[in-house]
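If you want the building blocks of each chain, they are given just below.
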Amino acid sequence: MHISIYRYDPDSGENPRMQDYAIELAPGDRKLLDVLMRLKDVDDSLSFRRSCREGVCGSDGMNINGRNGLACMTSLSALKEPVVLHPLPGFPVIRDLVVDMTQFFAHYHAIKPYLIDDGTPPEREHLQTPEQRERLDGLYECILCACCSAFCPSYWWNPDKFIGPAGLLQAYRFIADSRDTGTVERLAFLDDVYRLYRCRTIMNCTEVCPKGLSPSHAIERIRLELVRASS
Amino acid sequence: MKVFLGQRAWLVQRASALTLLLLVALGAALLLLGPALNHERWHALATSAHGAVIIVLFFAALSLHGWVGARDIVLDYVPSTAARLSVLSIVAAILFAVVIRVALTMAAHLSPVS
Ligand code: SF4
Ligand code: SF4
Ligand code: FES
């Protein structure tokens with residue numbers, strides 16, 4: 001299999017370049033990550049993140065043949081050769097396929113990704129009806145891999161001010177939660193021309209999410225909640 | 001103070017888009033239903049009271065829609081405040097002038113009987 005990988009080492013002072021690799025597939029190779037791990041055995045200077053290797057930790061998001069995805073969830077059989085790998089577009093590169101997620105997580109923290117409950121705490125747990133719980137489906141599954149935000153043109157233009165699809169999906173996850181009492185403050189925070197309204201409904205986010213989630217749908221719901229709150 | 005509004009601009013954009021759509025449908029219906037479209041018919045429609053209202057409303061909605069769109073482009077591509085201010089003022093002046101011009105023209109040519 002032929003793979004062409006973006007290589008960059010800021011300490012070397014050299015410009016980024018593409019490096020071509022040719023590697024025989026082993027019988028157990030199913031996903032792109034399998035091949036990357038074996039490449040790492042051959043060339044240990046190659047850097048990328050990975051942890052769970054099963055689509056749970058969200059650390060191996062990268063641009064695979066022009067499309068963001070998780071290496072561990074990308075089947076080798078579906079890939080056109082040479083497989084071209086780039087770091088997540090729009091993110092500062094630390095080294096090779098490893099990007100700096102600082103800003104991405106700053107946006108995540110800004111939306112207060114935890115339950116706000118101003119009422120008296122329940123004796124035991126908060127109870128939800130099955131319907132209330134169902135409203136969190138399609139939201140709680142997000143693994144913060146950043147594939148969506150790194151595929152969003154609006155986020156490329158304004159990564160410092162636009163929260164981006166991942167952060168906004170998470171924001172709606174708490175707005176939609178029946179146990180959360182912070183909706184008013186959350187909506188007030190989001191009603192901003194940059195934080196929320198840079199989204200142009202391009203829907204790249206939904207198209208690319210490796211978990212099959214729809215940030216653009218969540219964003220639309222936030223807009224509707226804002227309309228409801230202001231009327 | 002927030003200079004650039006979030007939700008209101010978005011609502012203006014949606015509402016103006018909807019208005020444009022309705023006016024286009026209404027205009028198309030007016031044009032297509034009825035006798036053949038010759039110069040007299042065009043003239044009569046454009047100088048009638050309801051024709052004039054549709055045309056002025058159309059340009060007003062178009063300007064509002066264009067304003068939000070232009071503002072979005074400026075927010076993304078023009079980072080300096082001074083440049084933003086000048087570009088937005090020019091855009092606002094042009095859009096405003098267009099609506100006024102259309103309104104004046106329609107008023108001047110309004111046929112006395114309606
Ligand atoms: S919404 Fe999907 S693509 Fe975006 S961070 Fe969450 S899991 Fe990744
Ligand atoms: S729908 Fe919005 S958040 Fe999603 S890619 Fe498009 S602009 Fe970005
Ligand atoms: S390695 Fe954890 S999501 Fe791919």
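As shown above, the structure is provided for reference.
Nothing here was measured: the structure is a model prediction, and the numbers come from that model. (Residues numbered from 1 in each chain as written. Chains lettered and ligands numbered in written order. Predicted model: local features only at pLDDT ≥ 70, side-chain atom pairs only at ≥ 80, totals over all residues. Heavy atoms only, no water.)

**Comments concerning the site of ligand 2**
Cys152, Cys199, Ile202, Met203 and Cys205 of chain A are the nearest of the 13 residues found near ligand 2. Elements supplying a minimum of two residues to the shell around ligand 2: α7 (204-208) and α8 (215-230) of chain A. (Near = heavy atom within 4 Å. Helix = DSSP H or I, 4+ residues; strand = E, 2+ residues; numbered from the N terminus.)

**Focus: the packing of helix α2 (residues 39-47) of chain B against helix α3 (residues 49-77) of chain B**
Residues and elements named next belong to chain B. Here α2 crosses α3 at 75°, and the two axes come no closer than 4 Å. Between α2 and α3, the interaxial angle falls into the category roughly perpendicular. Together, Leu45, Ala46 and Thr47 of α2 and Ala49, Gly51, Ala52 and Ile55 of α3 make up the contact between the two elements. In terms of residue class, the contact of α2 with α3 is built from 5 nonpolar, 2 polar and no charged. (Axes fitted to C-alpha atoms, helices over the stretch in contact; angles between N-to-C directions. Parallel < 35°, antiparallel > 145°, perpendicular 65-115°, else oblique. Contact = heavy atoms within 4.5 Å. Nonpolar A, V, L, I, M, F, W, Y, C, P; charged D, E, K, R; others polar.)

**Concerning unusual backbone geometry**
Residue and element names in this part refer to chain A. In this structure, Pro82 follows Glu81 across a cis peptide bond, with omega equal to -5°. Positionally, Pro82 belongs in the loop between β4 (67-70) and β5 (83-86). Not every positive phi belongs to a glycine, and Asp96 is a case in point at roughly 45°. Assignment of secondary structure puts Asp96 in the loop between β6 (93-95) and β7 (98-99). On the accessibility criterion, Asp96 (2% relative accessible area) is buried. (Buried < 20%, exposed > 50% of the residue type's maximum accessible area, 1.4 Å probe, protein only.)

**Overview of the pairing of β5 of chain A**
Residues and elements named next belong to chain A. Side-chain alternation along β5 places Val83 and Leu85 on a buried face and Val84 and His86 on a face that remains uncovered. Sheet topology note: the strand β3 (residues 61-64)/β5 ladder contains 2 bridges and is antiparallel. Pairing of Asn63 across the sheet is with His86, part of β5. (Pairing = 2+ DSSP bridges.)

**Re the sheet that holds β3 of chain A**
Across a sheet, paired strands are connected by hydrogen bonds in the backbone, their directions being either parallel or antiparallel. Residues and elements named next belong to chain A. Across the sheet, 5 strands lie side by side as β2-β1-β5-β3-β4; this open sheet has mixed pairing. On the outer flanks of this sheet lie β2 (17-22) and β4, each paired with one strand and no other. Between one strand axis and the next, the sheet turns by 35° as a mean value, whatever way the strands run. Note: β3 against β4, 4 bridges, orientation antiparallel. What sits directly across from Ile64, in β4, is Arg67. Contacts between helix α1 (residues 32-42) and the sheet are confined to β1 (2-7), β2, β3 and β5, with β1 contributing the most and set at about 70° to the helix.

**Digging into the interface of chain B and chain A**
Each side of the interface is counted separately: chain B has 13 residues, and chain A has 15 residues. A combined buried area of about 1300 Å² lies between chain B and chain A, and 46% of that area is made up of carbon and sulfur atoms. One can count 4 salt bridges joining chain B with chain A. The residue Asp72 of chain B makes a salt bridge to Arg200 of chain A at a minimum N-O spacing of 3.9 Å. Joining chain B to chain A, the criterion identifies 9 residue pairs in polar contact (both at pLDDT 80 or more). Those elements that provide at least two residues to the side of chain B that touches chain A are α1 (7-32) and α3 of chain B. Tallying contributions element by element places α3 of chain B first for the side of chain B that touches chain A, with 5 residues. (Buried area = accessible area lost by both parts, 1.4 Å probe. Salt bridge = Lys/Arg side-chain N within 4 Å of Asp/Glu carboxyl O. Polar contact = N/O pair within 3.5 Å; in protein donor to acceptor, adjacent residues only side chain to side chain.)

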